[in-house]
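Single-letter residue listing:
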Amino acid sequence: MIKKMYYSYWLLLPGLLIFSIFFIYPNLTGFLYAFTNMDESFKYTRFVGFDNFKSLFQEDDQVIAFKNTFIFAIITTVFKIVLGLLLALLANAKLRTTLFFRSMLFFPVLLSTLAVSLVFSALLHPSRGLLNVFLETLHLGMLTQSWLTDPQIVIFSVSFVEIWKWTGLSMILFLAALQTIPQELKESAMVEGVNSWQMFRHITLPLIMPVVNTNVILSVIGGLKVFDIVYALTGGGPGNSSQVINTIVFKNFAAGRNGEATAANVMLFLIVLVIVLLVNKVLNRKVEG
Amino acid sequence: MRKKHFGKTFVASILAMFMVVVTACGGGNNTSSTNNASAPSASPSASEESPSVPLEKIKIKGIGHASWFKAGMDEVLIAAAEKTGIELEIEKIPEGMDGVNLVKARFATGDKPDLLFYYAGLGDTQGFGKMSETFVSQEDQPWIANFDKESWKGIMTAYEDGLYYGAPYGGTNTSVVLYNKKVFESLGLQVPTTMDEFWSVSEALKKGGKIPLYLSGKDAWTLQLPVQHAQASPSTAEVLAKIDVNEAKFADWTARKTGLQFLKDVTSKGLTNKDVLSDTYDNAQKALATGEAGMYIMATWVMTDIASKFPDQTADIGAFLMPYQGAEADKSYIFAPNAVFVVKGENEEAAQKFVNFFESLEAQNIFFSKDGGIPAIKGVTETSLTPAELEAKALLDAGKASGDGFSMKYDINAAFPAYLQDIIIGGKTPEQVLEAQQKDYEKAAKAKDDPNFK
């Protein structure tokens, strides 16, 4: 008879205590503060009902932030997954340059967001930036844009930088999954005469579906919670045209409107929760199916 | 059996280690506060009374906009460490509202420095808590005897109790149109004295292949200068007093509207650099100094940077008043010196000692011999004013200045630079900006249960 050895539950206590103090308590009080008129000193509070939440949807600048957050999350998730998967398939091929290729594609993930933002600010400068200069050199001047200062396209430019920076991570996760697919399975499929697309569609994709699920969830969460790349690249500008929910949280917090900032944060939490639960449900159904 | 013993020993060791770590963390604080409380050199007179005794080194922390700390302050820091034993480590934060937001967030979360380098004239409602609870009053400090308290009352004092919490940091500055004299001479242009002349000069500069007026909109805070310059009028003080008590609206602030309209006009007429929102404060200095641009509306503090980066071109730059009203009715917008605030806390004694040293004539002479600005401390003999600053000073001396002290009860300026970018990109009209600011102000007032905004 095998006797299972368990550690006592009280050993969880130190960890739980720290988790409660630094995570559960601030989160619960955050929900409470979202309904108060708390100012910058954290001392002055008054119950204001749903006023803070209403205020979030009454100002154009804040509505733009919600719209931009969704655009950013969708674009970056789609591109990170599709490009990540394509690059992983490429990096999984047995080539002499495979190792170099993998390292090079993963390298942007290691860079500081601030450094990346500074570099891209220079690259995307409308008249001195390398991108527009390159386009001009190729006589493609009609394609040049004010990438970071045109309010119509700025959120797409920021999304591009995010995709450039983080696709390497998606690629590595997919690559790890691809390498777990048994070689025998592929070989027997080839004996059966399946072509590359059939191999990918009916063998590779179903087997890496759990990783696709994880990657999508991580990208959606990262996209909805974006702050650093937007703040460093554009500061939410020009004007307020690239504001996202977290820059609004920061702006309200810095303006001493802590109640409103907390309300925006609670909204973000609820949005992330609902979307992630939905995405998870849909993707899990596919995995099980 | 042996295994059982090992498990117990292991768990006990982990717990003991955990307790040691926790105790060590707590103990660190106690030690730190005890040391500081008993530190002999924390007393303002300690080093002076016993010069032969080696000074105890005390490290304190300050925070402020990166561009505020230049060669003058570097030398003062060295002198302070030698003479007082206080080593000030400065955390340099971004310019404009980015830095303001950052520092306010730090105070809100209790992560406070020992010294805050910030704008003068803070009040209880501006994001740092109640002044008397957050900062040490400077009213009884020795340096204040050498300072003209009456002149700066209402400008550098707290809105609520009229006390000085900030000691002057840097010099007085004023907004002007900085222009490249060589460029003007080469095109045969005169300094404009009316808006019609200003537009003509701008068109002539454009025809001459120069950027007429440089705007550094990537550093959005710099866009405030043309607007502040327009606000330098006694009518501003009157309308602000009414806005504070809800008897007037931002839309009634005609001087601000003039400045906003100017930003819109100069952009739509194509009289600025092409990439306003991608060009920086740094780009502007280069463009003005090298003659790529003819004019740049900025405060005189920029001359310190220009003098250090383009020493050979500094004398080419002059200053004049933006002729918004013409007929010699215009004034420049005067900026009080920035301020250094002693934050209440375990290091306040040492921080105050540093401030007292900084405001001494010895340190002020070191500071102003390297950095620009007109000193607010009396008796400073060493200054390094550039020709443009001297021209601006002449305007001040002639009484053509107004401005700072136009403080409002609630600080809503965090959003202002973004609104100015909105004007540049055509996202908002001047009227819409004023309307948005009215909303911001009412929101801030209501948050404080202001009876005038019920």
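Residues numbered from 1 in each chain as written. Chains lettered and ligands numbered in written order. Predicted model: local features only at pLDDT ≥ 70, side-chain atom pairs only at ≥ 80, totals over all residues.

Chemist: Looking at this model, I keep getting lost on helix H12 (residues 302-309) of chain B. Mind explaining?
Modeler: A turn of α-helix holds 3.6 residues, and therefore any two residues three or four places apart point the same way. Inspection of H12(B) places B:Val302, B:Met303, B:Thr304, B:Ile306 and B:Ala307 among the buried residues, and these make up the whole buried set. Contacts made by the buried residues of H12(B) are with helix H11 (281-290), strand S7 (293-299), strand S8 (317-320) and helix H15 (387-397) of chain B. (Buried ≥ 20, exposed ≤ 12 C-beta atoms within 10 Å, placed from the backbone. Helix = DSSP H or I, 4+ residues; strand = E, 2+ residues; numbered from the N terminus. Contact = placed C-beta atoms within 7 Å.)

Chemist: What is the right way to look at the pairing of strand S4 (residues 166-169) of chain B in this model?
Modeler: Every other side chain in a regular strand lies on the same face of the sheet, so the side chains alternate between the two faces. Residue and element names in this part refer to chain B. Here S4 shows no split at all, with Gly166 and Pro168 on one side and Ala167 and Tyr169 on the other all buried. Here S4 runs beside strand S10 (residues 338-342); their pairing, made up of 4 bridges, is antiparallel. In the sheet register, alanine 167 faces S10, and the bridge partner there is valine 340. (Pairing = 2+ DSSP bridges.)

Chemist: Please explain the interface of chain B and chain A as it appears in this structure.
Modeler: At the junction of the two partners, chain B supplies 21 residues and chain A supplies 26 residues. Elements supplying a minimum of two residues to the side of chain B that touches chain A: helix H1 (2-38), helix H4 (96-108) and helix H16 (416-425) of chain B. A total of 5 residues in the side of chain B that touches chain A trace back to one element, the largest contributor, which is H4(B). Split by residue class, the side of chain B that touches chain A holds 10 nonpolar, 6 polar and 5 charged. (Nonpolar A, V, L, I, M, F, W, Y, C, P; charged D, E, K, R; others polar.)

Chemist: What exactly am I supposed to notice about the nonpolar core here?
Modeler: A general tendency of soluble globular proteins is for nonpolar side chains to be buried together. Grouped together as the largest cluster of nonpolar side chains are 174 residues, with contacts concentrated most on B:Leu115, B:Leu178, B:Phe341 and B:Phe354. For B:Leu115, the contacting residues outside a window of four places in its chain are B:Ile60, B:Gly62, B:Leu88, B:Val340, B:Phe341, B:Val342, B:Val343, B:Ala351 and B:Phe354. (Core = buried A, V, L, I, M, F, W, Y, C linked by C-beta atoms within 7 Å.)

Chemist: When you look at unusual backbone geometry in this model, what are you seeing that I'm missing?
Modeler: Excluding glycine, residues mostly have negative phi values, and the peptide bonds linking residues are mostly trans. A cis amide bond links A:Gly237 with the next residue in sequence, A:Pro238, at an omega value of 0°. Of note, A:Pro238 is situated in the loop between helix H10 (228-233) and helix H11 (245-254). Here A:His139, not a glycine, exhibits a phi torsion of approximately 60°, which is positive. What makes A:His139 exposed here is the crowd of 7 C-beta atoms within 10 Å. With phi around 65°, B:Asn246 is a residue other than glycine that occupies positive phi space.

Chemist: Would you mind showing me how to read the sheet that holds strand S2 (residues 86-93) of chain B here?
Modeler: In a beta sheet, neighbouring strands pair by backbone hydrogen bonds and run either parallel or antiparallel. Residues and elements named next belong to chain B. Overall, mixed pairing links the 5 strands, which are arranged S2-S1-S3-S10-S4 in an open sheet. Because the sheet does not close on itself, it has two edges, and the strands there are S2 and S4. Recorded for the sheet is a direction-independent mean angle of 25° between the axes of neighbouring strands. Direction of pairing for strand S1 (residues 58-65) relative to strand S3 (residues 115-118): parallel, over a ladder of 2 bridges. If you follow isoleucine 63 over to S3, its bridge partner there is leucine 116. Against the sheet, helix H13 (residues 348-358) touches S1, S2, S3, S4 and S10, its axis set at about 150° to S10. (Axes fitted to C-alpha atoms, helices over the stretch in contact; angles between N-to-C directions.)

Chemist: How should the domain arrangement of chain B be read in this particular structure?
Modeler: A common way to report how large an interface is uses the accessible area buried once the components associate. All names here are of chain B. For chain B, the domain assignment lists domain 1 (55-172 + 336-378) and domain 2 (173-335 + 404-453). Taken together, the contacts link 19 residues of domain 1 with 19 residues of domain 2. Looking at the side of domain 1 that touches domain 2 residue by residue, the classes come out as 5 nonpolar, 11 polar and 3 charged. (Domains from an automatic or database assignment.)

Chemist: Looking at this model, I keep getting lost on the environment of B:Lys181. Mind explaining?
Modeler: Within the fold, B:Lys181 resides in helix H6 (residues 181-186). For the pair formed by B:Lys181 and B:Gly291, sequence separation is 110 residues and the distance between their alpha carbons is 8.9 Å.

Chemist: Looking at this structure, how should I read the confidence of the model for chain B?
Modeler: Regions with low pLDDT should not have their predicted coordinates read in detail. Residues and elements named next belong to chain B. Here chain B shows a mean pLDDT of 85. Residues at 70 or above account for 87%. A low-confidence stretch, residues 9-51 stays under pLDDT 50, and its non-local contacts, those more than four residues away or across chains, total 27 contacts. Across the interface, the model reports ipTM at 0.80; the global pTM reads 0.78. (pLDDT = per-residue confidence, 0-100.)

Chemist: I tried to follow the packing of helix H10 (residues 254-268) of chain B against helix H17 (residues 430-447) of chain B on my own but got confused; where do I start?
Modeler: A packed helix pair is summarised by two numbers, namely the angle formed by the two axes and the spacing between the axes. Residue and element names in this part refer to chain B. Direction vectors running N to C along H10 and H17 enclose 135°, while the axes themselves pass 9 Å from each other. Compared by their axis directions, H10 and H17 come out oblique. The two elements H10 and H17 cross, and the hand of that crossing is right-handed. For the pair H10 and H17, contact is made by Arg256, Lys257, Leu260, Gln261 and Lys264 and by Pro430, Val433 and Leu434, respectively. Each residue belonging to the contact of H10 with H17 can be placed in one class, and the counts come to 4 nonpolar, 1 polar and 3 charged. (Parallel < 35°, antiparallel > 145°, perpendicular 65-115°, else oblique. Left-handed = near helix turned anticlockwise from the far one by under 90°.)

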